[in-house]
Amino acid sequence: MSSLLSLIDKIVEGIRDIPQWLLTLLNRIPYVELQGKNAERAIVVSLLSAALGTYVLLNLLLAPWIERKVMARMMGRRGPVYVGKFGLLQLIADIAKLLFKEDTMPMTADRFGFNLSIYLMGASTIMSFGPLPWARDLAGTNMSIGLLYIFAVFSVFPPAMLLGGWASNSKYSLIGGFRAAAQLVAYEIPMMISVLGVIVYAQSFNLQAIVEDQYQNGWYIYRAFPGLLMAFVIFLFASLAETERIPFDIPEAEAELVMGPRTEFSGWRYGIILLVEYSHMFVNIILVVVLFLGGWDVIFPFNGMPGWLADLRDDRLAQFIAINIKIYLGVFFVTWVRTTFPRFRIDQFIEWGWKTLLPLSLLSLAIVGAYAGLYVA
Amino acid sequence: MGWFLEFNMIVIIIFTLFMAFGALRTDKVMKAAAYLLLTLWGVAFAYLFLGSEYVFAIQLIVYGGGIVVLFLFSVLLTGQEEFQMDKEFVWNNLVQILIALLLFFTLTVLMLDVFGGYELTGNELVVLNETQDLTQTLATALFTNYNYVLPILGILLLSAMLGSIKIAIREEEL
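Values in this document were obtained by computation on a predicted structure and should not be read as measured data.

Chemist: What should I look at first to understand a nonpolar patch on the surface in this one?
Modeler: All names here are of chain A. The grouping of Leu4, Leu5, Leu7, Ile8, Ile11, Val12, Ile15, Ile18, Trp21, Leu25 and Leu47 at the surface amounts to a nonpolar patch, some 990 Å² of accessible area in total. Ranked by residues supplied to the nonpolar patch, first place goes to helix H1 (residues 2-27) with ten residues. Structurally, Ile18 is set in helix H1. By relative accessible area, which is 33% here, Ile18 ends up partly exposed.

Below, the structure written as structure tokens:
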């Protein structure tokens, strides 16, 4: 036990020296002079951000495994078992397979659009990890416009889908691209309007400030009842529709359109598309947790809270574990929905978005507005 | 770090100009829309480096997302995916060039009027941690000091819309 502790101490000491070492390394480049506390702080912050980004990517390896296992159990199967313990390495094997495949492109495809759509989707997905809060003062970057930034980065998906579908020069891709863009546009608007209620209460776009307000005054899911509860349900369904998961996978609809706008993509391009889909789902689940379910808050505040619980709420490790548990419950819920419901029909679904969810989201905003007026006065 | 910001800014400007040129010179409308998307992204990142992250996000949501999707949809629905470039010089082109120059002149005067007093030193580095009343400041500035800017920008958008209608309209074969 003591040897283990000394090993941990050694590792921590080794990590401590890394910023200084990097600084000396950078200073060896001609014309670069980085000195003082600020330079060291900048390097520490960038290393931490990189570590958080890597953490999200590692979770993107774990979440699909959990999804496949849970889905298999719900269908009475065993799921992946052969590669690694409990089939844990199945996804890594899949990715390796995709990377080593031959890189093919349809002869009549438009090279520029074909590549551009993949690059745009991949880059915007990685960009969206930045402002996600993991504990108090622990986020890739503490942006003042964090929420707006994530929506801005995601808004590139519809044009990228349409472009990819058109550039593949295949009828399945083109129809799939149309459906994807129509669906994304129809559900982006209720999603944004339902979030406005949260912003009215938090009075900030900053994700950390939003969680901090929930930590102080209670989670948003039960505040301004039933305004924000409605917003939560709308946001949840709209985000499921945005990620094109199975009950809403109309653009793919494998019986009709093979793989929708992604039909012609293979090899590493298909790998990037898988990454984009899973991380889109993952980021949306994190957004649901952060906006409505308290984010990294361990338990909602109530009167007469025992002292140890109050201490636990302030502990950063507990906060980090709490948000991870919430995220994986979200993954479980999404999988549950996926195995339970059959696919919608395109016209019903688009109508549902424009004619039901949009008015409901406006109504929820009105309710929240009424509460917020009383709240300020 | 001033040189670093300037270098980035120059890279972004060159990228944006190249993409804008590509949008003008390509023969497929869909491709032109893709170039337009990249141009608008370039403009958004220019905003970011000038220290206005709010405008950056709005530029991405409205122009990078909404407007380009509208363009792509309308192009695909009108079915006119390719068009012929004018190879020879016609009188029409002269009028077009004159209008373009006029618009460019108006915008330049406008920009000089609005930003003429400032000198960009690179100190406007993005301070993403600052939570000020950014929205309020922006709204006040837009509707008091610079309230004549929006209508003139509207004229630019109108001309762009007329141009796109001209490109997308299907000529009746007699």
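There is more to say, and it comes next.
Chemist: Would you mind going over the packing of aromatic side chains with me for this structure?
Modeler: For the structure shown, the criterion picks out 25 aromatic pairs over all chains. Aromatic side chains Phe344 of chain A and Phe349 of chain A sit 5.4 Å apart centroid to centroid with 45° between the ring planes, which places their arrangement in the tilted category. Here Phe344 of chain A falls in the partly exposed class, since its relative accessible area comes to 34%. Residues Phe45 of chain B and Phe56 of chain B carry aromatic rings whose centres are separated by 5.3 Å and whose planes lie at 65° to one another, so their mutual orientation is edge-to-face. With Phe45 of chain B in helix H2 (residues 29-49) and Phe56 of chain B in helix H3 (residues 53-78), this pair connects stretches of sequence that are eleven residues apart.

Chemist: Explanation requested: the environment of Leu36 of chain B in the structure shown.
Modeler: Residues and elements named next belong to chain B. Here Leu36 lies in helix H2. When its relative accessible area of 25% is taken as the criterion, Leu36 is described as partly exposed. Taking the C-alpha atoms as reference points, Leu36 and Ala20, 16 residues apart in sequence, are found 6.5 Å from one another. Each residue touching Leu36, except ones within four places of it in the same chain, is listed here: Ala23 and Phe71.

Chemist: Teacher, can you tell me more about empty space enclosed by the protein here?
Modeler: A water-sized probe rolled over the atoms picks out the places where empty space is left. All names here are of chain A. A complete count under the given rule lists three cavities of 30 Å³ or more for this structure. Forming the walls of the largest cavity are Met121, Phe157, Met161, Leu184, Glu242, Thr243, Glu244, Arg262, Ile273, Val276, Glu277 and His280. Of all the secondary-structure elements, those providing two or more residues to the lining of the largest cavity are helix H6 (157-167) and helix H11 (268-292). Looking at the lining of the largest cavity, the element that brings in the most residues is H11, giving four residues. Here the lining of the largest cavity is built from residues that sort into six nonpolar, two polar and four charged. Counted as a void, the second largest cavity has a volume near 60 Å³. Every residue along the wall of the second largest cavity is listed here: Leu236, Ser239, Leu240, Thr243, Met281, Asn284, Ile285, Val288 and Val334. If you list the elements that add at least two residues to the lining of the second largest cavity, you get helix H9 (227-242) and H11. The element that contributes the greatest number of residues to the lining of the second largest cavity is H11, accounting for four residues. A per-class count over the lining of the second largest cavity returns six nonpolar, three polar and no charged.

Chemist: Could you clarify how one ought to interpret the nonpolar core in this entry?
Modeler: Side chains that are nonpolar tend, in soluble globular proteins, to be buried together. Residue and element names in this part refer to chain A. Ranked by internal contacts, the top residues of the largest apolar core, which has 110 residues, are Leu147, Phe235, Phe282, Leu291 and Phe292. A per-element tally of this core places H11 first, with 14 residues. Residue contacts for Phe292: discarding those within four places in its chain leaves Ser194, Val198, Gln214, Trp219, Tyr220, Ile221, Leu228, Ala231, Phe232 and Phe235.

Chemist: Explain the interface of chain B and chain A here, please?
Modeler: Size of an interface: often given as the accessible area lost when the parts come together. Tallying the contact residues gives 29 residues for chain B and 28 residues for chain A. Both faces considered, chain B and chain A share a buried interface measuring about 2,600 Å² in area, 84% of it formed by carbon and sulfur atoms. Our count for the contact surface shared by chain B and chain A stands at one salt bridge. Lys31 of chain B is paired through a salt bridge with Asp110 of chain A; the nearest N and O atoms lie 3.7 Å apart. In this assembly, chain B and chain A are joined by one residue pair in polar contact (both at pLDDT 80 or more). Among the elements that line the side of chain B that touches chain A, the one with the most residues is H3 of chain B, at 15 residues. A breakdown of the residues in the side of chain B that touches chain A according to their chemical character gives 20 nonpolar, four polar and five charged.

Chemist: What is the right way to read the packing of helix H4 (residues 111-127) of chain A against H11 of chain A from this model?
Modeler: Two packed helices can be described by the angle between their axes and the distance between those axes. All names here are of chain A. The geometry of H4 relative to H11 is characterised by a closest axis approach of 9 Å and an angle of 35° between their N-to-C directions. Note on packing geometry: the crossing formed by H4 with H11 is left-handed. Residue-level inspection shows Phe114, Asn115, Ile118, Tyr119, Met121, Gly122 and Thr125 of H4 in contact with H11, the latter providing Trp268, Arg269, Ile272, Ile273, Val276 and Ser279. Class assignment of the residues belonging to the contact of H4 with H11 gives a composition of eight nonpolar, four polar and one charged.

Chemist: Just checking my understanding: could you explain helix H7 (residues 171-202) of chain A for this structure?
Modeler: Structural remark: α-helix, 3.6 residues per turn; residues separated by three or four positions point the same way. Residues and elements named next belong to chain A. The end-to-end C-alpha separation of H7 is 46 Å, in line with the 46 Å expected for 32 residues at 1.5 Å each. For H7, the side-chain oxygen to backbone nitrogen distance between the N-cap and Tyr172 is 3.3 Å, and the N-cap itself is Ser170. Gln203 occupies a position one or two residues after H7 and carries a positive phi of about 55°.

Reading the values: the criteria
- Residues numbered from 1 in each chain as written.
- Chains lettered and ligands numbered in written order.
- Predicted model: local features only at pLDDT ≥ 70, side-chain atom pairs only at ≥ 80, totals over all residues.
- Heavy atoms only, no water.
- Patch = residues over 30% accessible without salt bridge, like charges linked within 9 Å, V, L, I, M, F, W, Y side chains within 5 Å.
- Areas by Shrake-Rupley, 256 points an atom, 1.4 Å probe, with all protein chains shown as cover.
- Salt bridge = Lys/Arg side-chain N within 4 Å of Asp/Glu carboxyl O.
- Helix = DSSP H or I, 4+ residues; strand = E, 2+ residues; numbered from the N terminus.
- Buried < 20%, exposed > 50% of the residue type's maximum accessible area, 1.4 Å probe, protein only.
- Phe/Tyr/Trp six-rings, centres within 6.5 Å; stacked < 30°, edge-to-face > 60°.
- Contact = heavy atoms within 4.5 Å.
- 1 Å grid on protein atoms, 1.4 Å probe; cavity = no way out; pocket = protein on both sides within 12 Å on 5 of 7 lines; lining within 4 Å.
- Points joined across faces, edges and corners; volume = space filled by probe spheres on them.
- Nonpolar A, V, L, I, M, F, W, Y, C, P; charged D, E, K, R; others polar.
- Core = buried A, V, L, I, M, F, W, Y, C linked by side-chain atoms within 4.5 Å.
- Buried area = accessible area lost by both parts, 1.4 Å probe.
- Polar contact = N/O pair within 3.5 Å; in protein donor to acceptor, adjacent residues only side chain to side chain.
- Axes fitted to C-alpha atoms, helices over the stretch in contact; angles between N-to-C directions.
- Left-handed = near helix turned anticlockwise from the far one by under 90°.
- Expected span 1.5 Å × (residues − 1).

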